[in-house]
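# A look at the structure
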Amino acid sequence: MKDRLFFLTCIVLLFLMPLAAMAQAKPKRDVTKDRSQPSVRVVPHPFSPSAPENKTKQPQGPTAGSRKWVAQTRKYINKKKHIQRGTYIYANGSYMATIAVGNECETKYVDISTDAGRWWISDVESFWYTVRKVNNTMLAIDITGNPSHEARHGTFNVNIGELCCPISVEQQGAPYQASANFYSVQLSHNVMYAGNPCLCGDVRFGISGVAGTPVRVYAFLTNQYGTYVVQGTKNVFVVSENITPPTDDEAIFNIYLFFPNYLLKPYADNKKMAVRFAVFSDATGQFVSITNPIPFSVKKERKKAVTKE
(Lines give C-alpha, C1' and ligand atoms only; values in the text may rest on other atoms or scores of the structure.)
Protein backbone atom coordinates (compact mmCIF):
# COMPACT_ATOMS: atom_id res chain seq x y z
CA MET A 1 0.00 0.00 0.00
CA LYS A 2 2.78 2.39 0.88
CA ASP A 3 4.60 1.53 -2.31
CA ARG A 4 1.54 2.35 -4.37
CA LEU A 5 1.06 5.69 -2.63
CA PHE A 6 4.68 6.59 -3.14
CA PHE A 7 4.43 5.76 -6.77
CA LEU A 8 1.42 8.04 -7.29
CA THR A 9 3.13 10.91 -5.43
CA CYS A 10 6.16 10.70 -7.74
CA ILE A 11 3.92 10.82 -10.81
CA VAL A 12 2.10 14.00 -9.53
CA LEU A 13 5.41 15.74 -8.78
CA LEU A 14 6.77 14.95 -12.23
CA PHE A 15 3.62 16.47 -13.77
CA LEU A 16 3.71 19.69 -11.64
CA MET A 17 7.42 20.47 -12.04
CA PRO A 18 7.13 21.84 -15.66
CA LEU A 19 4.16 23.96 -14.64
CA ALA A 20 6.11 25.44 -11.75
CA ALA A 21 9.00 26.32 -14.04
CA MET A 22 6.67 28.14 -16.46
CA ALA A 23 5.07 30.23 -13.73
CA GLN A 24 6.68 33.71 -12.97
CA ALA A 25 7.64 34.81 -9.54
CA LYS A 26 5.51 37.56 -8.03
CA PRO A 27 7.47 40.91 -8.03
CA LYS A 28 8.44 42.27 -4.73
CA ARG A 29 6.65 45.40 -3.46
CA ASP A 30 8.66 48.67 -3.88
CA VAL A 31 8.82 50.09 -0.38
CA THR A 32 10.50 53.31 -1.61
CA LYS A 33 7.12 54.55 -2.83
CA ASP A 34 5.99 54.75 0.72
CA ARG A 35 8.54 57.54 1.33
CA SER A 36 7.45 61.20 0.87
CA GLN A 37 8.44 62.56 -2.57
CA PRO A 38 9.76 66.16 -3.06
CA SER A 39 7.23 68.54 -4.75
CA VAL A 40 8.08 69.63 -8.30
CA ARG A 41 6.59 72.88 -9.78
CA VAL A 42 5.69 72.65 -13.43
CA VAL A 43 5.76 75.99 -15.26
CA PRO A 44 3.51 75.92 -18.36
CA HIS A 45 5.03 77.29 -21.56
CA PRO A 46 2.88 79.50 -23.87
CA PHE A 47 1.71 77.83 -26.97
CA SER A 48 0.70 79.58 -30.16
CA PRO A 49 -1.12 77.48 -32.73
CA SER A 50 0.03 79.83 -35.53
CA ALA A 51 3.70 79.81 -34.53
CA PRO A 52 5.62 77.50 -36.80
CA GLU A 53 7.83 74.88 -35.31
CA ASN A 54 11.48 75.77 -35.25
CA LYS A 55 12.68 73.17 -37.61
CA THR A 56 16.06 73.47 -39.18
CA LYS A 57 15.93 73.08 -42.94
CA GLN A 58 18.85 72.32 -45.08
CA PRO A 59 19.68 75.22 -47.47
CA GLN A 60 18.74 74.57 -51.06
CA GLY A 61 20.11 76.31 -54.13
CA PRO A 62 17.71 78.42 -56.28
CA THR A 63 16.24 76.69 -59.22
CA ALA A 64 15.46 78.20 -62.60
CA GLY A 65 11.76 78.21 -61.75
CA SER A 66 12.24 79.98 -58.41
CA ARG A 67 14.48 82.65 -59.96
CA LYS A 68 11.83 83.37 -62.61
CA TRP A 69 9.14 83.60 -59.96
CA VAL A 70 11.23 86.04 -57.88
CA ALA A 71 11.90 88.24 -60.94
CA GLN A 72 8.21 88.33 -61.87
CA THR A 73 7.24 89.12 -58.28
CA ARG A 74 9.72 92.01 -58.08
CA LYS A 75 8.49 93.37 -61.41
CA TYR A 76 4.89 93.24 -60.19
CA ILE A 77 5.78 94.95 -56.89
CA ASN A 78 7.70 97.74 -58.68
CA LYS A 79 4.84 98.24 -61.11
CA LYS A 80 2.38 98.43 -58.24
CA LYS A 81 4.56 101.01 -56.48
CA HIS A 82 4.72 103.11 -59.66
CA ILE A 83 0.96 102.95 -60.00
CA GLN A 84 0.46 104.01 -56.39
CA ARG A 85 3.10 106.76 -56.34
CA GLY A 86 2.80 107.81 -59.98
CA THR A 87 5.39 108.86 -62.53
CA TYR A 88 3.65 111.92 -64.03
CA ILE A 89 0.86 114.43 -63.45
CA TYR A 90 -0.46 116.89 -66.05
CA ALA A 91 -2.95 119.75 -65.97
CA ASN A 92 -4.75 120.29 -69.27
CA GLY A 93 -2.18 118.03 -70.90
CA SER A 94 0.91 119.92 -69.70
CA TYR A 95 3.30 119.73 -66.76
CA MET A 96 2.15 123.26 -65.81
CA ALA A 97 -0.91 125.34 -66.67
CA THR A 98 -2.07 128.97 -66.69
CA ILE A 99 -5.74 129.87 -66.30
CA ALA A 100 -6.56 133.40 -67.51
CA VAL A 101 -9.91 134.99 -66.69
CA GLY A 102 -11.60 138.38 -66.83
CA ASN A 103 -12.58 140.44 -63.82
CA GLU A 104 -16.03 138.85 -63.43
CA CYS A 105 -16.99 135.90 -61.20
CA GLU A 106 -16.22 132.67 -63.03
CA THR A 107 -15.62 128.92 -62.56
CA LYS A 108 -12.86 127.24 -64.57
CA TYR A 109 -12.39 123.48 -64.92
CA VAL A 110 -8.95 121.86 -65.30
CA ASP A 111 -8.36 118.32 -66.60
CA ILE A 112 -5.92 116.28 -64.47
CA SER A 113 -4.17 113.22 -65.92
CA THR A 114 -1.82 110.96 -63.94
CA ASP A 115 -0.86 107.31 -63.51
CA ALA A 116 -1.00 107.62 -59.71
CA GLY A 117 -3.74 106.09 -57.64
CA ARG A 118 -4.59 109.46 -56.08
CA TRP A 119 -3.66 113.16 -56.26
CA TRP A 120 -4.29 116.15 -54.01
CA ILE A 121 -4.30 119.96 -54.05
CA SER A 122 -1.91 122.09 -51.99
CA ASP A 123 -0.58 125.64 -51.50
CA VAL A 124 -3.86 127.45 -52.17
CA GLU A 125 -3.08 130.74 -50.43
CA SER A 126 -5.27 133.21 -52.34
CA PHE A 127 -8.40 134.73 -50.85
CA TRP A 128 -10.06 135.48 -54.20
CA TYR A 129 -10.40 131.93 -55.53
CA THR A 130 -11.02 128.44 -54.16
CA VAL A 131 -10.01 125.09 -55.63
CA ARG A 132 -12.00 121.87 -55.28
CA LYS A 133 -11.62 118.34 -56.60
CA VAL A 134 -14.53 117.41 -58.88
CA ASN A 135 -13.48 113.81 -59.53
CA ASN A 136 -10.29 111.83 -60.12
CA THR A 137 -9.70 113.53 -63.48
CA MET A 138 -10.88 117.10 -62.93
CA LEU A 139 -10.70 120.04 -60.54
CA ALA A 140 -12.64 123.30 -60.43
CA ILE A 141 -11.46 126.85 -59.64
CA ASP A 142 -14.16 129.18 -58.31
CA ILE A 143 -13.02 132.78 -58.90
CA THR A 144 -14.59 135.86 -57.36
CA GLY A 145 -14.98 139.18 -59.18
CA ASN A 146 -12.14 141.69 -59.16
CA PRO A 147 -13.40 145.17 -58.27
CA SER A 148 -9.92 146.65 -58.47
CA HIS A 149 -8.37 147.99 -61.66
CA GLU A 150 -5.22 146.01 -60.91
CA ALA A 151 -4.76 142.50 -62.24
CA ARG A 152 -4.02 139.75 -59.72
CA HIS A 153 -2.13 136.47 -59.81
CA GLY A 154 -2.16 133.27 -57.76
CA THR A 155 -0.57 129.80 -57.90
CA PHE A 156 -1.34 126.40 -56.38
CA ASN A 157 -0.07 122.84 -56.89
CA VAL A 158 -1.53 119.46 -57.76
CA ASN A 159 0.59 116.70 -56.17
CA ILE A 160 1.39 113.00 -56.40
CA GLY A 161 4.11 111.84 -54.03
CA GLU A 162 7.12 114.08 -54.59
CA LEU A 163 5.89 115.32 -58.00
CA CYS A 164 3.73 118.40 -58.45
CA CYS A 165 2.11 120.31 -61.30
CA PRO A 166 1.88 124.11 -60.71
CA ILE A 167 -1.27 125.88 -61.90
CA SER A 168 -1.36 129.69 -62.18
CA VAL A 169 -4.52 131.78 -62.06
CA GLU A 170 -4.39 135.23 -63.67
CA GLN A 171 -7.35 137.59 -63.39
CA GLN A 172 -7.72 140.91 -65.17
CA GLY A 173 -8.55 144.06 -63.29
CA ALA A 174 -11.85 145.85 -63.69
CA PRO A 175 -11.83 148.01 -66.85
CA TYR A 176 -11.52 151.74 -66.41
CA GLN A 177 -14.70 153.70 -67.02
CA ALA A 178 -13.05 156.94 -68.04
CA SER A 179 -15.10 160.07 -68.58
CA ALA A 180 -13.94 163.64 -69.23
CA ASN A 181 -15.64 167.00 -69.60
CA PHE A 182 -14.31 170.34 -70.78
CA TYR A 183 -15.73 173.12 -68.65
CA SER A 184 -13.98 176.05 -70.33
CA VAL A 185 -11.44 176.72 -73.06
CA GLN A 186 -10.03 180.21 -73.75
CA LEU A 187 -7.45 181.22 -76.35
CA SER A 188 -4.94 184.00 -75.77
CA HIS A 189 -2.83 185.25 -78.68
CA ASN A 190 0.87 186.03 -79.00
CA VAL A 191 1.66 185.19 -75.39
CA MET A 192 5.39 185.01 -74.68
CA TYR A 193 6.52 181.61 -73.39
CA ALA A 194 10.11 180.37 -73.31
CA GLY A 195 11.14 183.37 -75.44
CA ASN A 196 8.59 182.70 -78.21
CA PRO A 197 5.21 184.22 -79.01
CA CYS A 198 2.57 181.53 -78.62
CA LEU A 199 -1.08 180.75 -78.99
CA CYS A 200 -2.08 179.98 -75.39
CA GLY A 201 -4.95 177.70 -74.46
CA ASP A 202 -6.39 178.00 -70.95
CA VAL A 203 -8.21 174.68 -70.43
CA ARG A 204 -10.36 173.68 -67.48
CA PHE A 205 -11.54 170.07 -67.55
CA GLY A 206 -12.67 167.24 -65.27
CA ILE A 207 -11.94 163.52 -65.54
CA SER A 208 -13.17 160.47 -63.59
CA GLY A 209 -12.76 156.67 -63.52
CA VAL A 210 -8.98 156.56 -64.04
CA ALA A 211 -7.60 156.80 -60.51
CA GLY A 212 -3.84 156.57 -60.21
CA THR A 213 -3.15 156.55 -63.97
CA PRO A 214 -1.69 159.35 -66.11
CA VAL A 215 -3.80 161.56 -68.38
CA ARG A 216 -2.62 164.27 -70.80
CA VAL A 217 -4.19 167.11 -72.73
CA TYR A 218 -3.35 167.59 -76.43
CA ALA A 219 -3.86 170.67 -78.60
CA PHE A 220 -4.17 169.69 -82.31
CA LEU A 221 -3.87 172.20 -85.13
CA THR A 222 -6.69 171.94 -87.70
CA ASN A 223 -8.05 173.94 -90.57
CA GLN A 224 -11.18 175.99 -90.11
CA TYR A 225 -13.28 172.90 -90.83
CA GLY A 226 -11.67 170.79 -88.13
CA THR A 227 -9.47 168.61 -90.37
CA TYR A 228 -6.20 167.83 -88.64
CA VAL A 229 -3.11 169.45 -90.08
CA VAL A 230 -0.39 166.93 -90.90
CA GLN A 231 3.30 167.57 -91.42
CA GLY A 232 4.83 164.59 -93.12
CA THR A 233 3.04 161.70 -91.41
CA LYS A 234 2.37 163.36 -88.06
CA ASN A 235 -0.23 165.69 -86.73
CA VAL A 236 0.85 169.14 -85.58
CA PHE A 237 0.18 169.33 -81.85
CA VAL A 238 1.44 170.24 -78.42
CA VAL A 239 0.84 168.18 -75.28
CA SER A 240 0.74 168.83 -71.55
CA GLU A 241 2.68 167.00 -68.87
CA ASN A 242 1.15 163.93 -67.20
CA ILE A 243 -1.66 164.54 -64.76
CA THR A 244 -2.68 161.76 -62.30
CA PRO A 245 -6.20 161.82 -60.77
CA PRO A 246 -6.09 160.59 -57.16
CA THR A 247 -9.47 158.80 -57.18
CA ASP A 248 -12.08 157.47 -59.58
CA ASP A 249 -14.30 160.36 -58.62
CA GLU A 250 -14.18 163.35 -60.91
CA ALA A 251 -11.06 165.47 -60.48
CA ILE A 252 -10.96 168.95 -62.02
CA PHE A 253 -7.75 170.42 -63.40
CA ASN A 254 -6.74 173.73 -64.97
CA ILE A 255 -3.81 173.71 -67.41
CA TYR A 256 -2.16 175.99 -69.97
CA LEU A 257 -0.97 174.81 -73.36
CA PHE A 258 1.35 176.99 -75.47
CA PHE A 259 1.36 176.61 -79.25
CA PRO A 260 4.47 178.42 -80.65
CA ASN A 261 3.66 180.79 -83.48
CA TYR A 262 6.57 179.54 -85.58
CA LEU A 263 4.68 176.26 -86.00
CA LEU A 264 1.88 178.28 -87.61
CA LYS A 265 4.09 180.13 -90.12
CA PRO A 266 3.53 177.64 -92.99
CA TYR A 267 -0.22 178.24 -92.69
CA ALA A 268 -0.20 182.03 -92.49
CA ASP A 269 -1.62 182.31 -96.02
CA ASN A 270 -4.72 180.29 -95.04
CA LYS A 271 -5.69 183.00 -92.54
CA LYS A 272 -8.38 180.87 -90.92
CA MET A 273 -7.18 178.03 -88.69
CA ALA A 274 -8.51 176.20 -85.63
CA VAL A 275 -7.32 174.20 -82.66
CA ARG A 276 -8.92 171.20 -80.94
CA PHE A 277 -8.18 170.07 -77.38
CA ALA A 278 -8.35 166.41 -76.38
CA VAL A 279 -7.88 164.43 -73.14
CA PHE A 280 -5.94 161.18 -73.48
CA SER A 281 -5.98 158.41 -70.82
CA ASP A 282 -3.15 155.91 -70.46
CA ALA A 283 -5.52 153.55 -68.65
CA THR A 284 -7.87 153.24 -71.62
CA GLY A 285 -5.24 153.88 -74.27
CA GLN A 286 -7.48 156.34 -76.11
CA PHE A 287 -8.79 159.88 -76.16
CA VAL A 288 -11.59 160.28 -73.67
CA SER A 289 -12.95 163.62 -74.84
CA ILE A 290 -12.25 166.05 -77.74
CA THR A 291 -13.49 169.62 -78.18
CA ASN A 292 -14.96 171.10 -81.29
CA PRO A 293 -12.61 173.21 -83.43
CA ILE A 294 -11.94 176.63 -81.89
CA PRO A 295 -11.17 179.04 -84.76
CA PHE A 296 -8.52 181.77 -84.89
CA SER A 297 -6.75 183.79 -87.57
CA VAL A 298 -3.05 183.68 -88.46
CA LYS A 299 -1.06 186.02 -90.68
CA LYS A 300 2.48 187.21 -91.29
CA GLU A 301 3.78 190.45 -89.87
CA ARG A 302 7.45 191.36 -90.50
CA LYS A 303 8.03 187.79 -91.61
CA LYS A 304 6.63 186.38 -88.39
CA ALA A 305 3.39 184.58 -87.78
CA VAL A 306 0.94 186.30 -85.49
CA THR A 307 -2.51 185.18 -84.35
CA LYS A 308 -5.75 186.88 -83.46
CA GLU A 309 -9.39 185.98 -83.01
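For the structure, see preceding data.
Anyway, here's the lowdown on the structure attached to this text. (Residues numbered from 1 in each chain as written. Predicted model: local features only at pLDDT ≥ 70, side-chain atom pairs only at ≥ 80, totals over all residues. Heavy atoms only, no water.)

### Examining the overall build of the chain
- Counting its secondary structure elements, the chain contains two helices and 19 strands.
- In the chain, buried positions account for 30% of the 309 residues.
- The long-range share in the chain, meaning contacts at least 24 apart out of those at least 6 apart in sequence, stands at 65%.
- Of the roughly 22100 Å² of accessible surface on the chain, a fraction of 55% belongs to carbon and sulfur atoms. (Helix = DSSP H or I, 4+ residues; strand = E, 2+ residues; numbered from the N terminus. Buried < 20%, exposed > 50% of the residue type's maximum accessible area, 1.4 Å probe, protein only. Contact = heavy atoms within 4.5 Å. Areas by Shrake-Rupley, 256 points an atom, 1.4 Å probe, with all protein chains shown as cover.)

### Side note on the pattern of salt bridges
- Tallied over the entire structure, the rule returns four salt bridges.
- Across the pair Arg-216 and Asp-282 runs a salt bridge, and its minimum N-O distance is 2.8 Å. Residue Arg-216 is found in strand β11 (residues 215-223), and its partner Asp-282 is found in the loop between β16 (272-281) and β17 (286-290); the two are separated by 66 residues along the sequence.
- In this structure Arg-216 comes out as buried when scored by relative accessible area, which is 17%. (Salt bridge = Lys/Arg side-chain N within 4 Å of Asp/Glu carboxyl O.)

### Focus on the sheet that holds strand β3 (residues 106-114)
- Spatially, the four strands line up as an open sheet ordered β1-β3-β6-β5, and their pairing is antiparallel. The open sheet has two edge strands with one neighbour each: β1 (89-91) and β5 (129-135). For this sheet, the mean angle separating the axes of adjacent strands, direction not counted, is 25°.
- In this sheet, strand β6 (residues 138-143) lies alongside β5 in antiparallel orientation, the contact comprising six bridges. The partner of Asn-135 across the bridge, within β6, is Met-138. (Pairing = 2+ DSSP bridges. Axes fitted to C-alpha atoms, helices over the stretch in contact; angles between N-to-C directions.)

### Some words on the packing of aromatic side chains
- Tallied over the entire structure, the rule returns 14 aromatic pairs.
- On the numbers, 4.8 Å between centres and 80° between planes, the contact of Trp-128 with Tyr-129 is edge-to-face.
- With relative accessibility at 2%, the residue Tyr-129 sits in the buried group.
- Relative to Phe-287, the ring of Phe-220 has its centre 5.8 Å away and its plane inclined at 75°; by these criteria the two rings are edge-to-face. Note that Phe-220 is positioned in strand β11 and Phe-287 in strand β17, a separation of 67 residues in sequence.
- An aromatic cluster is built from Tyr-218, Phe-220, Tyr-228, Phe-237, Phe-280 and Phe-287, whose rings are joined through pairwise contacts.
- Directly above the aromatic system of Trp-119 lies the positively charged group of Lys-133, at a separation of 4.2 Å from the ring centroid. (Phe/Tyr/Trp six-rings, centres within 6.5 Å; stacked < 30°, edge-to-face > 60°. Lys NZ or Arg CZ within 6 Å of the ring centre and 35° of its normal.)

### Things to note about the nonpolar core
- Residues Phe-205, Ile-207, Leu-221, Phe-259 and Phe-296 are the most contacted members of the largest nonpolar core, which totals 30 residues.
- Contributions of two or more residues to this core are made by β9 (179-193), β10 (196-208), β11, β15 (251-260), β16 and β18 (294-301).
- When residues of this core are assigned to their parent elements, the largest contribution, five residues, is made by β15.
- Judged by nonpolar contacts, the second largest core, of 21 residues, contains Ile-89, Val-110, Ile-143 and Cys-165. (Core = buried A, V, L, I, M, F, W, Y, C linked by side-chain atoms within 4.5 Å.)

### Structural notes on the side chain of Thr-222
- Along the chain, Thr-222 falls in strand β11.
- Classification of Thr-222 by relative accessible area gives buried; the value is 0%.
- When neighbours within four sequence positions are excluded, Thr-222 is seen to be in contact with Thr-227, Tyr-228, Val-229, Met-273, Ala-274, Val-275, Arg-276 and Pro-293.

### Description of unusual backbone geometry
- Positive phi, normally seen in glycine, also occurs at Asn-92, with a value near 55°.
- Mapped onto the elements, Asn-92 comes out in the loop between β1 and β2 (97-101).
- Assessed through its relative accessible area of 42%, Asn-92 is described here as partly exposed.
- If you check the backbone angles, Ala-194 has positive phi at about 55° while not being a glycine.
- You can see Ala-194 is positioned in the loop between β9 and β10.
- What makes Ala-194 exposed here is its relative accessible area of 67%.

### Considerations on the sheet that holds β9
- An order of β9-β10-β15 is seen for the three strands of this open sheet, with the pairing classed as antiparallel. Whereas interior strands pair on both sides, the edge strands pair on one side only; in this sheet they are β9 and β15. Averaged over all adjacent pairs, the angle separating strand axes in this sheet is 15°, with direction ignored.
- Across 10 bridges, the pairing between β10 and β15 is antiparallel. Bridge assignment links Cys-200 to a residue of β15, and that residue is Phe-258.

### Regarding the pairing of strand β7 (residues 152-160)
- Within β7, seven of the nine residues are buried, leaving the element largely enclosed by the surrounding structure.
- Relative to β7, strand β4 (residues 120-122) is paired through three bridges, and the arrangement is antiparallel. The residue bridging Trp-120 from the neighbouring strand is Asn-159, located in β7.
- As defined by bridge partners, β7 adjoins strand β8 (residues 163-171) across nine bridges and the pair is classed as antiparallel. Considered in β8, the bridge of Val-158 is made with Cys-165.

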